[in-house]
Structures are given as structure tokens and as C-alpha cells.
Amino acid sequence: MNPNIPQTDRKRVVIVGAGFGGLKLARKLSGRKEFQVVLINRQNYHEFQPLYYQVATAGLEANAVLFPLRSVFSNCKNVHIRVTNVTGIRPADKAVDTELGSVTYDYLVMATGAETNFFNQQNIIEKALPMKSVSEAIALRNRMLQNFEDALSVESVDEKEGFMDVVVVGGGPTGVELCGTLAEMRKTVLPKDYPELDFRMMDIYLVQSGPVLLEPMSKQSQEHSLTYLHELGVNVRLNTRVKDFDGRIVTMSDGSTLRTNNLIWAAGVKANPLAGLPADVLGRGGRVLVNRYSQVQGFTDIFAIGDVALMTEEKWPDGHPQVAQPAVQQGRSLAKNLLHWLRNEQPEEFTYHDLGTMATIGRGLAVVDLPFLKFQGFFAWLTWLFVHLMSIVGVKNRLSIFLNWMFNYLTYSNSLRLIIRPKLPKGNMDAMQEKLADQVEMSKT
């Protein structure tokens with residue numbers, strides 16, 4: 001096979017990854033006569049990661065948080081999209097190797113993001129439920145709903161608790177938001193669906209290795225989030241580290257245990273750099289060391305932006321937070337600087353403008369830290385809804401999400417509680433299962 005990229009006298013910019021940073025850069029360069037843009041991504045869509053937890057808890061359809069890349073660039077003749085895996089890069093040859101073949105570049109931009117960090121705990125890698133992609137979010141939804149179906153058919157309390165109890169590891173926004181949503185469902189939605197089950201038996205645990213939740217946020221937001229979760233009936237364990245999980249028992253570092261079949265891992269991420277880079281350009285968490293122009297250390301034609309990049313500023317000596325805004329801003333800045341270099345102009349150093357952080361805990365409950373104001377409660381929740389709605393790619397997706405949120409708010413019901421599994425011809429099942437196993441293994445290494 002061959003990527004079949006048209007030859008041109010334009011400068012070719014190869015962007016690997018269509019997350020927030022890669023998509024922003026590609027959009028800024030689209031339509032520019034100076035560049036040919038090759039966007040390489042594993043999927044043919046952009047994923048809005050902050051709302052994965054709502055897909056996992058049946059609040060949103062998966063396609064509401066996805067947007068087809070070809071729809072974004074349908075009228076851009078200088079953008080070429082290839083859906084494939086990148087196997088490595090060869091800087092000496094200025095080439096990117098993919099499963100479709102190699103692609104040469106004038107400028108290479110890594111926007112490959114981050115993946116789940118299991119901290120090399122093999123049992124947890126094999127048995128925990130991650131939520132770092134939309135397919136994992138759908139798998140988690142299927143698993144949770146199937147658990148309640150299975151809980152109807154067992155007699156012992158131990159087995160019922162195993163199916164119904166949930167342990168979420170990680171006190172960042174994903175863990176906090178997921179626990180809040182599960183607690184709301186336990187109170188308002190699940191008892192109507194499963195009247196034969198006693199949901200007073202369902203325990204939800206949030207385990208955080210540090211002393212606070214939402215560590216990057218203000219003290220008052222940390223305290224309010226903890227209070228909100230307690231009010232929703234979530235058991236929060238701070239200063240506690242998960243040591244092991246055998247599929248039935250979660251073992252803590254202090255020797256205590258929790259009975260559950262469901263360990264949801266939201267405890268951290270690690271960068272996902274491309275193979276072929278020198279080892280000395282990789283910093284803490286596997287992030288690629290870059291200067292203030294996003295250039296990888298030791299290179300002038302290879303760049304990294306977003307979660308995979310480690311760029312330091314005086315205010316950010318350990319690098320920028322691995323969230324959407326730094327990626328978006330770096331993508332926008334790099335697009336300007338590529339034009340500056342092409343015109344032999346002086347590039348501009350990147351400066352991160354922190355627009356604030358926020359997290360929602362439950363119905364009408366959220367915490368918001370803006371540079372000039374910090375607030376909590378119902379107004380914070382409305383702010384969270386508005387900001388996330390406006391960040392979604394595509395008018396149709398925004399409308400779909402808005403209608404889902406309104407329906408859920410008015411009816412106290414998540415309308416998408418469906419267990420959906422692929423149905424394949426019998427001859428394809430073994431090959432498909434083998435392929436899925438390989439994909440899962442790749443995502444964990």
C-alpha cells in the first residue's frame with residue numbers, strides 16, 4: 001500500500017494526531033497556498049475527550065463527542081487525511097513510517113497526545129477499565145449496564161456487591177465527574193430501571209493517592225468538590241494508593257481491601273511520543289522536550305504540541321498542564337511561526353494564557369477557577385455547560401448535546417442506557433477478536 005500523497009512544490013507539513021492541538025494547527029494551515037498539510041490519525045474523527053465520562057454513563061451518544069475529519073476539511077484542497085498508525089519516524093530521511101507506507105516531510109508536528117498510565121501494574125493493566133478513548137468509554141458503558149443485568153440473576157450478597165459496587169481511581173476531573181454522575185444515576189435513574197435491585201447496596205469509591213481532589217485547582221474548589229461528593233454519597237479515600245486488583249478485590253497500599261468487579265482507572269496519563277526520537281529528548285512522563293517555538297530539542301524541522309510536549313516557562317517550570325487549552329494555543333502559535341519561518345521572519349515565543357479550569361460534580365454542582373474569579377454551585381455548573389458546549393466541533397453535535405442535557409435535566413433520565421455489541425459473520429469473529437486483543441495490548445504498552 002502507498003499513502004499516495006500528491007507531489008507539490010509547497011512546503012509539506014505532516015501532522016500526526018488530530019486531537020485539540022493537531023486539529024487547531026491543521027485548520028489554521030488549511031487553505032494556505034504556502035503549505036501542503038498531511039494529517040495522519042488512527043481514526044477518521046476528532047474526539048472531544050472531556051465528555052467521555054458522559055458517554056460511559058449513558059448521558060450522551062458516542063457520535064455527539066466525535067466529528068469526522070473529512071467534514072472539517074471538506075473544502076480544503078491542500079489538506080490530505082490518511083487514517084493509519086504511525087510506526088516510527090526517520091529524522092535523517094525526513095520521513096514518517098506508517099502502516100500505509102512512508103511519508104516525507106518538510107516539517108513534522110507530533111500532536112500524539114497522551115495515553116493511560118497504569119504505572120506498570122500488570123494486574124491493573126489486564127483487569128482495570130480505562131477511559132482514554134471513546135471506544136473504551138463505550139466498553140465501560142456496556143460493562144456497567146451488563147453488571148446490573150447480571151446482578152439480577154445472582155443470589156449472594158457478595159456477588160451482587162461485586163457487580164454493583166464501583167471503585168474509581170484518580171481524583172482529577174475525570175474521576176470526580178464520573179463519580180458524581182454515577183452517584184446521580186444511583187439516586188434517580190437506576191432504581192427505575194432495576195426495581196428488583198436495592199441500590200442502597202451500591203457503593204461508589206473514589207481513591208486518590210494525594211491529599212486533595214482536583215490538585216491543580218484552588219483550595220476552595222478542592223474543598224467544595226469533596227463536600228459535593230460526600231453529599232452525593234461517594235466514599236472518598238484520600239492519601240490512598242491502589243496496589244493491586246485481581247478482578248474481584250482491590251487491594252490498597254495500607255492493606256485494606258474493597259470488593260468489586262469494577263475498577264475504573266482514571267489515575268494519570270503518560271505522553272505518547274513517536275518511535276525514532278533520540279532518548280535524550282524525552283523528559284518527565286515521556287513528554288518530548290521542546291523550546292518556546294515548539295521545536296523538539298536538537299531539531300529545527302520537528303515539533304511537538306499538546307500533551308506530548310514538555311515546554312517550560314517561568315510560570316510553568318514543570319511544563320503546561322495536559323489539558324486542551326495548551327494544545328489549542330500551541331497549535332495556533334505554531335501555525336503563525338511556520339509562516340514566519342517561510343517568510344524569513346522572526347518567530348514569536350509561545351506564552352500560555354491560562355483561561356481557567358473547571359469540573360462538574362453532579363446535577364447543578366460544579367467548581368470553576370477563572371484567573372479573576374473562583375465560584376462554585378449552580379452558576380458554576382451553567383458556566384461549565386456553556387464552555388463545553390461551545391468547545392464542541394460542529395453545530396449538529398452542539399445541538400444534539402444541548403438537547404440531551406436538557407432532556408436529562410428535566411426528566412432525571414439518561415436516555416441512552418443501551419448495551420450495544422458488534423455482530424459479525426461467524427467466520428470473521430476469531431480474526432476480529434484477535435485484532436481487538438492486539439489493539440487493547442497496544443493501548444496498554
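Look above for the structure.
Residues numbered from 1 in each chain as written. Predicted model: local features only at pLDDT ≥ 70, side-chain atom pairs only at ≥ 80, totals over all residues. Heavy atoms only, no water.

A.B. asks: What exactly am I supposed to notice about the nonpolar core here?
C.D. replies: A general trend in soluble globular proteins is that nonpolar side chains are found buried together. Counting residues in each nonpolar core, the largest one holds 68 residues, and the members touching the most others are Leu51, Leu206 and Leu229. The element best represented in this core is helix α5 (residues 134-151), accounting for seven residues. (Core = buried A, V, L, I, M, F, W, Y, C linked by side-chain atoms within 4.5 Å. Buried < 20%, exposed > 50% of the residue type's maximum accessible area, 1.4 Å probe, protein only. Helix = DSSP H or I, 4+ residues; strand = E, 2+ residues; numbered from the N terminus.)

A.B. asks: I tried to follow the sheet that holds strand β23 (residues 357-362) on my own but got confused; where do I start?
C.D. replies: Either a parallel or an antiparallel arrangement is found when strands of a sheet pair, and the pairing is made through backbone hydrogen bonds. Strand order in the open sheet formed by three strands is β23-β24-β25, and the pairing between neighbours is antiparallel. Edge positions in the sheet fall to β23 and β25 (373-376), since each has one partner strand and no second. Going from strand to strand, the sheet's axes swing by 5° on average, the running direction of each strand aside. Strand direction decides the pairing type here: β23 and strand β24 (residues 365-370), joined by five bridges, are antiparallel. By the bridge assignment for β24, Thr357 is matched with Asp369. Most of the contacts of helix α9 (residues 219-231) go to β24, to which it runs at about 175°, and overall it touches β23, β24 and β25. (Pairing = 2+ DSSP bridges. Axes fitted to C-alpha atoms, helices over the stretch in contact; angles between N-to-C directions. Contact = heavy atoms within 4.5 Å.)

A.B. asks: I tried to follow the packing of aromatic side chains on my own but got confused; where do I start?
C.D. replies: For any pair of aromatic rings, the description rests on two quantities: the centre-to-centre distance and the angle between the ring planes. Applying the stated criterion to the full structure yields 11 aromatic pairs. Between Phe20 and Phe48, the aromatic rings sit 5.7 Å apart at their centres with planes inclined by 80°, giving edge-to-face as the arrangement. Placement of Phe20 in helix α1 (residues 20-29) and of Phe48 in the loop between β3 (45-47) and α2 (52-56) is noted, with a sequence separation of 28 residues between them. A residue is classified by how much of its surface remains accessible, and Phe20, at 19% relative accessible area, is buried. Assessed through its relative accessible area of 4%, Phe48 is described here as buried. Here the aromatic cluster, defined as three or more aromatic residues joined through ring pairs, consists of Tyr107, Tyr293, Phe303 and Trp341. (Phe/Tyr/Trp six-rings, centres within 6.5 Å; stacked < 30°, edge-to-face > 60°.)

A.B. asks: In this structure, what is going on with empty space enclosed by the protein? I would like to understand it.
C.D. replies: A water-sized probe, rolled over the atoms, reveals where empty space remains. Taken as a whole, this structure holds one cavity of 30 Å³ or more when the rule is applied. Each pocket or cavity is described by its volume, and for the largest cavity that value is around 90 Å³. If you go around the largest cavity, you meet 14 residues; those closest to its centre are Ala56, Thr57, Met144, Leu182 and Met185. Of all the secondary-structure elements, those providing two or more residues to the lining of the largest cavity are α5 and α7 (173-188). In terms of residue count, α5 provides more of the lining of the largest cavity than any other element does, five residues in total. Residue composition of the lining of the largest cavity, grouped by class: 12 nonpolar, one polar and one charged. (1 Å grid on protein atoms, 1.4 Å probe; cavity = no way out; pocket = protein on both sides within 12 Å on 5 of 7 lines; lining within 4 Å. Points joined across faces, edges and corners; volume = space filled by probe spheres on them. Nonpolar A, V, L, I, M, F, W, Y, C, P; charged D, E, K, R; others polar.)

By themselves, these observations are geometric and do not establish any function.
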